[in-house]
Amino acid sequence: MLRYGGLCSSVIAILVVCKVWLFPYMLHRMLAIGDLGALLYEMGILVLGSTALIMYVLLGHIGKYRFRLGRRHQLACVLMLQLPFFLHGWLKMMSVSPHMMTPLYQFAEGWCSLIAEPIRLLFFVYPWTDVIAVTLSLLLVWIGRGLRTEMDDFFFFWENRK
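Computed from a predicted structure; not experimentally measured.

Novice: Even after reading the chapter, I still don't get the overall build of the protein, so can you show me in this structure?
Specialist: The helix and strand tally for the protein stands at seven helices and zero strands. The order of α-helices and β-strands along the protein, N terminus first, is α-α-α-α-α-α-α. Of all 162 residues assigned to the protein, the portion counted as buried reaches 34%. Sequence-distant contacts in the protein: of pairs separated by 6 or more residues, those separated by 24 or more amount to 77%. Per element, the accessible surface of the protein, about 10,600 Å² overall, is 72% carbon and sulfur.

See the structure below:
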């Protein structure tokens, strides 16, 4: 269960680092400040959001068929994966001023907006986007648990053969 949690958090953390620090830095270095940079950043947000949706489905599938986690254990891991959403809400309630922006706050903001920001860009829904993002990520993990491929039977056979 610990390995699965580490895998989930590292996959999502890589996407967050790309979204928060890598892509803005690359756009800043390559383009002048203007409309083209903003447009490319929005496209990058949409691409990373769709990648995150696919990753949540894959993490649900991997948890069931590769790590052989039951529903309770995988639910516990996925709820721990949603911890930055609650951290972000708590930091917002503490009314963090702009000069106190820490990397932890930026990371929590990036983690929460990984799915919420594409929803805002596509559907112009602002008040409930964080709730929609948490619900959607949980739903995608459970959809991934329900997917079954032919390779799952092969790997199960191969692991039990030894």
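Novice: Can you walk me through the nonpolar core in this structure?
Specialist: If you look at soluble globular proteins, the nonpolar side chains tend to sit buried side by side. Judged by nonpolar contacts, the single largest core of 27 residues is most densely connected at Ile-12, Tyr-56, Trp-111 and Leu-114. When residues of this core are traced back to their parent elements, those giving at least two are helix H1 (2-30), helix H2 (35-65), helix H3 (71-81), helix H5 (103-123) and helix H6 (129-146). Ranked by residues supplied to this core, first place goes to H1 with seven residues. Residues in contact with Tyr-56, not counting those within four places in the same chain, are Ile-12, Leu-81, Gln-82, Trp-111, Ile-115, Ser-137, Leu-140 and Val-141.

Novice: Please clarify how the pattern of salt bridges should be interpreted in this entry.
Specialist: Pairing between side chains of opposite charge can happen when their charged atoms approach one another. Counting across every chain of the model gives one salt bridge. For Glu-117, the salt bridge identified is with Lys-19, shortest N-O distance 3.0 Å. With Glu-117 in helix H5 and Lys-19 in helix H1, the pair connects residues that are 98 residues apart, well separated along the chain. As far as burial versus exposure is concerned, Glu-117 and Lys-19 are alike and both buried.

Novice: Got a minute to help me understand a nonpolar patch on the surface in this structure?
Specialist: Taken together, the side chains of Leu-22, Phe-23, Tyr-25, Met-26 and Met-30 define a hydrophobic patch exposed on the protein surface, amounting to about 490 Å² of accessible area. Mapped onto the secondary structure, Phe-23 falls in helix H1.

Novice: Help me out: how do you make sense of H6 in this one?
Specialist: Each α-helix turn comprises 3.6 residues. Residues three or four places apart therefore point the same way. With 18 residues, H6 extends 25 Å between its outermost C-alpha atoms, agreeing within 8% with the 26 Å of an ideal straight helix rising 1.5 Å per residue. Listed as buried for H6 are Thr-129, Ala-133, Val-134, Ser-137, Leu-140, Val-141, Gly-144 and Arg-145. The arc that holds every buried residue of H6, seen down its axis, measures 165°, which confines them to one face.

Conventions adopted
- Chains are numbered independently. Their residues run from 1 in the order of the written sequence.
- Given that this is a predicted model, residues contribute local features only at a pLDDT of at least 70 and side-chain atom pairs are listed and counted only at 80 or more, while totals for whole chains, interfaces and linings are drawn from all residues.
- Side-chain figures throughout are based on the complete set of non-hydrogen atoms in the structure, without hydrogens or water.
- Secondary structure follows DSSP: runs of H or I at least 4 residues long count as helices, runs of E at least 2 residues long count as strands, and numbering of each begins at the N terminus.
- Residue burial is assigned from relative accessible area. The probe radius is 1.4 Å, only protein chains are included, and a residue is buried under 20% of its type maximum, exposed over 50%, and partly exposed in between.
- Here, two residues are considered to be in contact whenever any of their heavy atoms come within 4.5 Å of each other.
- All accessible areas in this document rest on Shrake-Rupley with a 1.4 Å probe, and a residue is counted as covered only by the protein chains that are shown.
- Side-chain atoms within 4.5 Å link the members of a nonpolar core, which is a set of buried Ala, Val, Leu, Ile, Met, Phe, Trp, Tyr and Cys residues.
- The term salt bridge refers to a pairing of a side-chain nitrogen on Lys or Arg with a carboxyl oxygen on Asp or Glu at a separation within 4 Å.
- Candidate patch residues must exceed 30% relative accessible area and have no salt bridge, after which like charges are joined if within 9 Å and Val, Leu, Ile, Met, Phe, Trp or Tyr side chains if within 5 Å.
- To estimate the expected span of a helix, count its residues, drop one, and scale the result by 1.5 Å.
- It is the directions from the helix axis to the C-beta atoms whose arc is reported.

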